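An overview of the molecular structure
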Amino acid sequence: MVHFVGAGPGAPDLITLRGAELLKAADVVIYAGSLVNPALLELAEPECAIFNSAEMTLEEVLAVMFQAEAEGKAVVRLHTGDPCLYGAIREQMDALDEKGIPYDDTPGVSSFCGAAAALGAEFTLPGVSQSVIITRLAGRTPVPEAERLASLAGHGASMALFLSAGMLGQVQAELLQGAYTSDTPAALVYKATWPDEKVVRCTVGTLEEAGVREGIHKTALVLVGGFLGGTYERSRLYDPSFTTEFRKGTS
Ligand code: SAH
């Protein structure tokens, strides 16, 4: 059995209880070495075999899984944040399906949530935005033409950009082709929830400059939108006059 597990954004106590139990019971752990906090590996038993997938191809990862399955061992495939975002899990799952190897998936705290926590921010502020666009700039992995950053930026929604901190000049230029202005609040969050976390507030117009100044070009998220600003409307749900299934409002 292979367990895909979300490691969370960095702090070792942000893995789920289920994820931690699976790690403790694992015979083999394959972890995404570039971004998973190695402190999590201490949860595994000393005799557990540990592999760093940063140095492996998909074929090598699968070979480890197939071998472990043949020996009746429990495998944890530990991905950073939540495995469902930029995790390349689908190709692993399809290969396991082909071999009839069972697997499950334990979610984790994605880094975009860790970054919002670091900022004390809410993506979905009434009167500002009710949507979060999770995207990236094209790098070696292309982005479909219909999802070009400049075109997604047309919505002016709250946005979390992964895998793009090394291209802040282009991020800034494309965002400005959309509904954001150079004054729109933005932030760079480097290694959210790690001990060396860095939070830099700026604006869309100063993103590139802030990245250069702070030396941030990888392992960071770019957050953009009015939700990082000062104005919003208070919630209807908690308004004294609002009646819900659970509470009678004052008229
Ligand atoms: N599955 C992961 C994302 C993996 S893609 C998740 O849910 O978070 C790798 C990218 O995620 C990095 O380039 C960076 O943009 C972002 N990232 C991952 N961990 C991060 C962290 N702790 N702080 C800031 N960004 C992070």
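Thresholds applied
- Residues numbered from 1 in each chain as written.
- Predicted model: local features only at pLDDT ≥ 70, side-chain atom pairs only at ≥ 80, totals over all residues.
- Heavy atoms only, no water.
- Helix = DSSP H or I, 4+ residues; strand = E, 2+ residues; numbered from the N terminus.
- Buried < 20%, exposed > 50% of the residue type's maximum accessible area, 1.4 Å probe, protein only.
- Areas by Shrake-Rupley, 256 points an atom, 1.4 Å probe, with all protein chains shown as cover.
- Pairing = 2+ DSSP bridges.
- Axes fitted to C-alpha atoms, helices over the stretch in contact; angles between N-to-C directions.
- Parallel < 35°, antiparallel > 145°, perpendicular 65-115°, else oblique.
- Left-handed = near helix turned anticlockwise from the far one by under 90°.
- Contact = heavy atoms within 4.5 Å.
- Arc of directions from axis to C-beta.
- Near = heavy atom within 4 Å.
- Polar contact = N/O pair within 3.5 Å; in protein donor to acceptor, adjacent residues only side chain to side chain.
- Nonpolar A, V, L, I, M, F, W, Y, C, P; charged D, E, K, R; others polar.
- Phe/Tyr/Trp six-rings, centres within 6.5 Å; stacked < 30°, edge-to-face > 60°.
- Lys NZ or Arg CZ within 6 Å of the ring centre and 35° of its normal.
- Expected span 1.5 Å × (residues − 1).
- Disulfide = S-S within 2.5 Å.

Tallying secondary structure elements over the protein gives 7 helices and 10 strands in all. The C-alpha extent of the protein, read off along each of the three principal axes, is 60 × 50 × 35 Å. Relative to its full complement of 251 residues, the protein shows a buried share of 43%. Of the roughly 13000 Å² of accessible surface on the protein, 53% is carried by carbon and sulfur atoms.

Sheet architecture is open: 5 strands sit in the order S3-S2-S4-S1-S5, paired in parallel fashion. The open sheet is flanked by strand S3 (49-52) and strand S5 (103-106), the only strands paired with a single partner. Ignoring strand direction, the axes of neighbouring strands in this sheet form an average angle of 20 degrees. As judged from the 4 bridges shared by strand S1 (residues 2-6) and S5, these two strands associate in the parallel manner. Bridge assignment links valine 2 to a residue of S5, and that residue is tyrosine 103.

Attention now moves to the packing of helix H2 (residues 58-70) against helix H3 (residues 90-99). When two helices pack together, their arrangement is given by the angle between the helix axes and by the axis-to-axis distance. It is at 11 Å that the axes of H2 and H3 come closest, and there the two elements cross at 45 degrees. Our classification of the angle between H2 and H3 gives oblique. Along this stretch, H2 crosses H3, giving a crossing that reads as right-handed. For the pair H2 and H3, contact is made by Leu58, Val61, Leu62, Met65 and Phe66 and by Glu91, Gln92, Ala95, Leu96 and Lys99, respectively.

So, on to helix H1 (residues 17-24). For an α-helix the count is 3.6 residues per turn, leaving residues at separations of three or four pointing the same way. Within H1, burial applies to Gly19, Ala20, Leu22 and Leu23. Viewed along the axis of H1, the buried residues span an arc of 160 degrees, placing them on a single side of the element. Opposite the buried face of H1, at more than 90 degrees from it, the exposed residues are Leu17 and Arg18. On its buried side, H1 packs onto S1, strand S2 (28-31), strand S4 (75-79) and S5.

Residues in contact with the ligand amount to 18 residues; listed here are only the nearest, Leu85, Ser110, Ser111, Ala192 and Ala220. In this structure, leucine 85 approaches the ligand through a main-chain N or O atom, which is 2.7 Å from a nitrogen atom. Here an oxygen atom of the ligand and a side-chain polar atom of serine 111 are 2.7 Å apart. A total of 540 Å² of accessible area belongs to the ligand in isolation, and the protein chains cover 95% of it. Taken together, the residues of the shell around the ligand break down into 11 nonpolar, 5 polar and 2 charged.

Overall, the coordinates contain 5 aromatic pairs when judged by the stated rule. The structure contains a cluster of three or more aromatic residues connected by ring pairs, namely Tyr86, Phe112, Phe123, Phe162 and Phe227. The side chain of lysine 99 reaches across the aromatic face of phenylalanine 66, ending 4.9 Å from its centre.

Before going further, it helps to spend a moment on H2. The end-to-end C-alpha distance of H2 is 18 Å, a good match for the 18 Å that 13 residues give at a rise of 1.5 Å each. When we look at burial in H2, the residues that qualify are Val61, Leu62, Val64, Met65 and Ala68. Around the axis of H2, the buried residues are gathered within 155 degrees of arc, so they sit on the same side. Those residues of H2 that are exposed and angled more than 90 degrees off the buried face are Glu59 and Ala70. Where H2 is buried, its residues meet S1, S2, S3, S4 and H3.

Okay, the state of the cysteines next. What the rule picks out here adds up to 0 disulfides. Between cysteine 113, a cysteine without a disulfide, and cysteine 84, which holds the nearest cysteine sulfur, the sulfur-to-sulfur distance is 9.7 Å. Judged by its relative accessible area of 36%, cysteine 113 falls in the partly exposed class.

On to the sheet that holds strand S8 (residues 185-190). Note on sheets: strands pair through backbone hydrogen bonds, and any given pair is parallel or antiparallel. In space, the 5 strands of this open sheet follow the order S6-S7-S10-S8-S9, with mixed pairing throughout. The open sheet has two free edges, formed respectively by strand S6 (132-136) and strand S9 (198-203), since each of these has just one partner strand. On average, adjacent strands in this sheet sit at an angle of 20 degrees to one another, irrespective of strand direction. One ladder, built from 3 bridges, connects strand S7 (residues 158-162) with strand S10 (residues 220-224); its direction is antiparallel. Note that in S10 the partner of alanine 160 across the bridge is leucine 223. Packing against the sheet, helix H4 (residues 111-119) makes contact with S6, S7, S8, S9 and S10, and its axis sits at approximately 65 degrees to S10. The strands touched by helix H7 (residues 207-214) within the sheet are S8, S9 and S10, with S9 carrying the most contacts at an inclination of about 150 degrees.

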